[in-house]
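Chain and residue survey
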Amino acid sequence: MSKVLNILPEKCTGCMQCELACSWVQTGTFQPSKSLIRVNVFDEQASYAPYTCLQCDEAWCMTACPTNAIATDRATGAKLVIDQLCIGCHLCTIACPFGTVFTLPESDKASKCHLCGGAPACATSCPTDAIEYVEADQSWFGPWAAKVTENYVNAVGG
Amino acid sequence: MNPGEVEAGFSKKEMDMGGWTGKILRVNLTTGTAVVEAIPESWMKDYIGGRGLAAKYLLDEVDPKVDPLSPENKLIFATGPLTGTPVPCGARYMVVTKGALTNAITTSNSGGHWGPELKFAGYDFVICEGKAPRPSYIFIYDDRVEVRDASQYWGKGVNDTEDGLRDELGIPGLRVACIGPAGENLVKFACIMNDKHRAAGRSGVGTVMGSKNLKAIAVRGTGGVNIADPEAFMKGVWRMRAEMKDSPGRKSFAELGTAATIDMTQAMGGLPTRNFQQGQFELYENLNGNTIRETRLVANKACFACTIACGRVSQLGDAADKFLVNMHPRNWRHAGEGPEYETAWALGADTGVGDLDAVLKANWLCNDLGMDPISMGATLAAAMELYQDGTITDQHVELPLNFGSSEALIRMTEATAYREGFGNELAEGSKRMGEKLGNPDVHMGTKGQEYPAYDPRGFQGMGVAYATCNRGGCHLRAWTPGPETTGVFDPHETAGKAEWVAAEQNRTTAHDNTGVCLFVGAANGPLEKFVDCISAATGVSYSYDDVLRIGERTWNIERLFNLRAGLTKADDSLPKRLLKEAHKAGPSAGVTVDLNAMLPVYYSERGWDPEGVPTASKLAELGLA
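None of the values given here were measured: they were computed from a predicted structure.

What about the sheet that holds strand 12 (residues 198-200) of chain B?
Residue and element names in this part refer to chain B. Ordered in space as 9-8-13-10-11-12, the six strands form an open sheet in which the pairing is mixed. On the outer flanks of this sheet lie strand 9 (144-149) and strand 12, each paired with one strand and no other. For this sheet the average axis-to-axis angle between neighbouring strands, irrespective of direction, equals 20 degrees. In the sheet, strand 8 (residues 136-141) pairs with strand 9 via six bridges, with the strands oriented antiparallel.

Laid out in structure tokens, this is it:
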């Protein structure tokens, strides 16, 4: 079973260490605008939600790519952009339902999370363990689905 | 050159150094133009950055005798080389100017995300000069710099201003530093607020910004911060983080916030109450870290790169609708940041208010109106004392200013920001208010700036720290309660205090220059432990002694500014109450501050003459001659 990034927004304090670490991997400078993980800030609710590529099993970015420039890393399950094949058509960025495929302004090529080859810098750098790199385990799914159902039932009034 | 154009005054040559961007953005508000300048390399080395380098610029470019609210004064926003890097808490920027409250140099520090964003936009400093002919704001988006019309934001609170600018500009990741109505109305202790709840709070930096018709600086930066020696740098960062992680200081900050301090100062009899008339507050438990955590805390909130997250967002609960606010137009929001220790004290114990609802609401008002809650609470406390002794009567005020009155706290906070009724007197600060009403001794402060939440009769060292601080009453330059409660010093004795304060001032000053939050020091990450990070980031090899020397150089530069502004030894003083009146009860009973025993020692420790003037040999030693 491969490992996945498990993000726990309730633990996030919005410090942006993950963005710093990710941008460092991408660019060699501390440049959050180039980070592939983004912290979504909901200041009014004091809520912070880091999000990045989910490395979907059925990855629409891959399906959409006309040149097969996105491939699966066998070791980690990450979907990788192969620079030499990418023609900069941006189709993957449109296909991704989560908005986690970016393009680089300087090369116009796709850029997305590659799990740092199996040691994601964002997880390492998080001071509050809001980002974990853990075995893909779906035991959370049952309680989560129950909670979503409950919220839905409450929202529609029983 | 057209307004809004940037003159290319800086070659894009890559520097060998890192940390610094090496660039200053100089904005002339009078003409609405901006130029980019290079910072002399030797200056960066000699001052590290931030507070020190900005003080150097201020001393060089501004006549210290200038009226702080005149166009000739300059307003400098300064980051350090570690701002915007992953060094824990590398989030800080400094606002350096001649303070409206103090008529002395001021160096007001703030966290949040604004400082790092300025670095990402490619600038270490923004220097604001002149005065805009109409309400304006500065918009910085990497190389694009414009001075734009802000008339639609003039009069609006901090929340509305930031939201409005985000809507107008439509740029994700935009960061805003702005003033509220208090700054516009030239309230003498107005703040500059960034990220809505973070403040460069003290000495009236927001007043200076208001006097320049500058409502806000909105920044978005997409660039990065380079590091000279990345490997050594990250090694230092990880070592620091490991050492801080489980330290009791970090845990206490994260769990209880700064308000945890209230238990300690209460226990020492050093929690100034009712304008320093008592040293303990019987309702302190209503305001302490634990109560806030149990009843109000929504979530911890970190500044940029912070691994502590002492900041907290608090639910206002019933406070939202409990107190009437006349003029504040805003639909009241139900959560806000704070209260921090100083705020909980100033708006709570110092005014005798033990109602957390009222303190939270006053805190929120101060943040949205853009006022320093310390000076606000302390000035109101002084007015309450004058009301108590009959100097202020019901003819002066619209409602009774009794100690403990939540209604007075809320209403006067609002009235002060708008200079309405007696608020017009409060807006001048307690020194000017006391002088006008014939009782200057009611001002509990130094150089016109009200003290924060440590009674020097409970912590003797704070006496000399307050008296000698370059920006007036301030706890952030030498925090003596640390050694005074851990057995290093007897809290009530004077021995060793002056020497310690002088050395500590150098240390905290150098720390401020780097752009790292002072709180890492309390969380097992003091300056000494990240000198290697400064060196690795900048590519300049510093030793700890070099860094301390830079702190001392900075301190002396600030002192020189103040002396040239006309301040003298007489301004290194404490109010009569601290020198003559002892508390009658509690752990600090019977203690008064013996400043006469400490001040001469302090001067000689600093290498200054008996009048507090740096000697020629000291200046030569520091390269300032």
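What follows continues from the structure just given.
A closer look at the interface of chain B and chain A
In this assembly, 35 residues from chain B lie in contact with 21 residues from chain A. Summing the contributions of chain B and of chain A, the shared interface buries around 2000 Å²; its carbon and sulfur component is 59%. A per-residue breakdown of the area chain B buries against chain A is headed by Pro86, Arg241 and Lys301 of chain B, which together make up 19% of the total. Where chain B packs against chain A, one counts zero salt bridges. On inspection of chain B and its partner chain A, the count reaches eight residue pairs in polar contact (both at pLDDT 80 or more). At the level of secondary structure, the elements contributing two or more residues to the side of chain B that touches chain A comprise helix 7 (230-245) and strand 14 (297-301) of chain B. The biggest single contributor to the side of chain B that touches chain A is helix 7 of chain B, with five residues. Here the residues of the side of chain B that touches chain A sort into 19 nonpolar, 10 polar and six charged.

Re the domain arrangement of chain B
Residue and element names in this part refer to chain B. Parsing chain B into structural domains produces domain 1 (12-220), domain 2 (251-450) and domain 3 (460-621). One C-alpha centre belongs to domain 1, the other to domain 3; they are set 26 Å apart. Summed over both sides, the interface of domain 1 with domain 3 buries roughly 3100 Å², with 64% coming from carbon and sulfur. Its largest share of buried area at the contact with domain 3, domain 1 owes to Ile48, Arg51 and Leu59, together 23% of the area lost on that side. Summed over the shared surface of domain 1 and domain 3, the result is two salt bridges. Mapped onto the side of domain 1 that touches domain 3, the elements with two or more residues apiece are helix 1 (41-47), helix 2 (50-61), strand 5 (93-98) and strand 6 (105-110). Class assignment of the residues belonging to the side of domain 1 that touches domain 3 gives a composition of 19 nonpolar, 15 polar and eight charged.

Digging into the packing of helix 18 (residues 460-468) of chain B against helix 20 (residues 497-514) of chain B
Residue and element names in this part refer to chain B. Across the interface, helix 18 lies against helix 20 with an axial gap of 9 Å and an inter-helix angle of 50 degrees. With respect to each other, helix 18 and helix 20 are oriented oblique. Pair helix 18 / helix 20 crosses with right-handed handedness. Facing Gln460, Gly461, Val464, Ala465 and Thr468 of helix 18, the residues of helix 20 in contact are Lys497, Ala498, Val501 and Gln505. Here the contact of helix 18 with helix 20 is built from residues that sort into four nonpolar, four polar and one charged.

Concerning the confidence of the model for chain B
All names here are of chain B. In this model, chain B carries an average pLDDT of 93, and 96% of its residues clear a pLDDT of 70 or more. Confidence over residues 1-15 falls short of pLDDT 50; this stretch has 31 contacts with residues more than four positions distant or in other chains. This prediction of the complex comes with two scores: 0.94 for pTM and 0.89 for ipTM.

Quick word on the sheet that holds strand 15 (residues 311-315) of chain B
What links the strands of a sheet is backbone hydrogen bonding, and the strands pair in either a parallel or an antiparallel sense. Residue and element names in this part refer to chain B. The strand order across the open sheet built from three strands is 14-15-16, with neighbouring strands paired in antiparallel fashion. What marks the edges here is a single partner per strand, and that holds for strand 14 and strand 16 (335-337). Neighbour-to-neighbour, the strand axes of the sheet open up by a mean angle of 20 degrees, direction not taken into account. As paired elements, strand 14 and strand 15 share four bridges and run antiparallel to each other. Bridged to Asn300 within strand 15 is Arg312. Helix 13 (residues 356-369) contacts strand 15 and strand 16 of the sheet and is inclined by roughly 70 degrees relative to strand 16.

Here we look at the packing of aromatic side chains
The full count for this structure, using the stated rule, is 20 aromatic pairs over all chains. Taking 4.6 Å as the distance between ring centres and 20 degrees as the angle between the ring planes, the aromatic pair formed by Trp24 of chain A and Phe30 of chain A counts as stacked. Its relative accessible area of 23% is what places Trp24 of chain A among the partly exposed residues. According to the relative accessible area criterion, Phe30 of chain A is buried, its value standing at 1%. A ring pair is formed by Tyr341 of chain B and Tyr454 of chain B, whose centres lie 5.5 Å apart and whose planes are at 55 degrees; its orientation type is tilted. Pair noted here: Tyr341 of chain B is in helix 12 (residues 341-346) and Tyr454 of chain B is in the loop between strand 18 (449-450) and helix 18, with a separation of 113 residues, a long-range link. Residue Tyr341 of chain B is classed as buried on the basis of its relative accessible area of 2%.

Let's talk about unusual backbone geometry
Of the consecutive residues Gly338 of chain B and Pro339 of chain B, the connecting peptide bond is found in the cis state with omega at -5 degrees. Relative to the helices and strands, Pro339 of chain B is located in the loop between strand 16 and helix 12. In this structure, Met16 of chain A takes a positive phi of about 70 degrees despite not being glycine. By the secondary structure assignment, Met16 of chain A is in the loop between strand 1 (3-7) and helix 1 (17-27). Although it is not a glycine, Gln55 of chain A sits at a positive phi angle of roughly 50 degrees. Judged by relative accessible area, Gln55 of chain A falls into the buried class, the value being 11%.

So, the layout of surface pockets
A probe as big as a water molecule, rolled over the atoms, marks out the empty space that is left. Residues and elements named next belong to chain A. For the second largest pocket, the calculated volume is near 1200 Å³. Surrounding the second largest pocket, 32 residues form its lining, Val4, Leu5, Asn6, Leu54 and Trp140 being those nearest its centre. Secondary-structure elements contributing two or more residues to the lining of the second largest pocket are strand 1, strand 3 (47-51), strand 8 (131-135) and helix 5 (141-155). Looking at which element gives the most residues to the lining of the second largest pocket, the answer is strand 1, with five residues. Its residues placed into classes, the lining of the second largest pocket shows 18 nonpolar, eight polar and six charged.

Thoughts on the pattern of salt bridges
Residues and elements named next belong to chain B. Across all of its chains, the model carries 45 salt bridges over all chains by this definition. Note that Arg26 is salt-bridged to Glu129, the shortest N-O span being 2.5 Å. Here Arg26, found in strand 2 (residues 23-28), pairs with Glu129, found in strand 7 (residues 125-129); they are 103 residues apart in sequence, far enough to count as distant. The residues Arg26 and Glu129 share a single accessibility class, namely buried. Because the salt bridges share partners, they merge into one network encompassing Arg26, Glu37, Glu61, Lys74 and Glu129.

A word on the pairing of strand 13 (residues 214-220) of chain B
Put simply, side chains in a regular strand alternate between the two faces of the sheet. All names here are of chain B. Across the seven residues that make up strand 13, a large majority, seven, are buried. With four bridges joining them, strand 10 (residues 175-178) and strand 13 adopt antiparallel strand pairing. Residue pairing in the sheet places Val176 in a bridge with Ala218 of strand 13.

Quick look at the packing of helix 7 of chain B against helix 22 (residues 531-538) of chain B
All names here are of chain B. Their axes nearest at 8 Å, the elements helix 7 and helix 22 cross at an angle of 155 degrees. It follows that helix 7 is roughly antiparallel to helix 22 by the angle criterion. Judged by the twist between their axes, the crossing of helix 7 over helix 22 is left-handed. Residue-level inspection shows Ala232, Phe233, Gly236, Val237 and Arg239 of helix 7 in contact with helix 22, the latter providing Asp532, Cys533, Ala536 and Ala537. Residues of the contact of helix 7 with helix 22, tallied by class, amount to six nonpolar, one polar and two charged.

Thresholds, definitions, all that
- Residues numbered from 1 in each chain as written.
- Chains lettered and ligands numbered in written order.
- Predicted model: local features only at pLDDT ≥ 70, side-chain atom pairs only at ≥ 80, totals over all residues.
- Heavy atoms only, no water.
- Pairing = 2+ DSSP bridges.
- Helix = DSSP H or I, 4+ residues; strand = E, 2+ residues; numbered from the N terminus.
- Axes fitted to C-alpha atoms, helices over the stretch in contact; angles between N-to-C directions.
- Contact = heavy atoms within 4.5 Å.
- Buried area = accessible area lost by both parts, 1.4 Å probe.
- Salt bridge = Lys/Arg side-chain N within 4 Å of Asp/Glu carboxyl O.
- Polar contact = N/O pair within 3.5 Å; in protein donor to acceptor, adjacent residues only side chain to side chain.
- Nonpolar A, V, L, I, M, F, W, Y, C, P; charged D, E, K, R; others polar.
- Domains from an automatic or database assignment.
- Parallel < 35°, antiparallel > 145°, perpendicular 65-115°, else oblique.
- Left-handed = near helix turned anticlockwise from the far one by under 90°.
- pLDDT = per-residue confidence, 0-100.
- Phe/Tyr/Trp six-rings, centres within 6.5 Å; stacked < 30°, edge-to-face > 60°.
- Buried < 20%, exposed > 50% of the residue type's maximum accessible area, 1.4 Å probe, protein only.
- 1 Å grid on protein atoms, 1.4 Å probe; cavity = no way out; pocket = protein on both sides within 12 Å on 5 of 7 lines; lining within 4 Å.
- Points joined across faces, edges and corners; volume = space filled by probe spheres on them.

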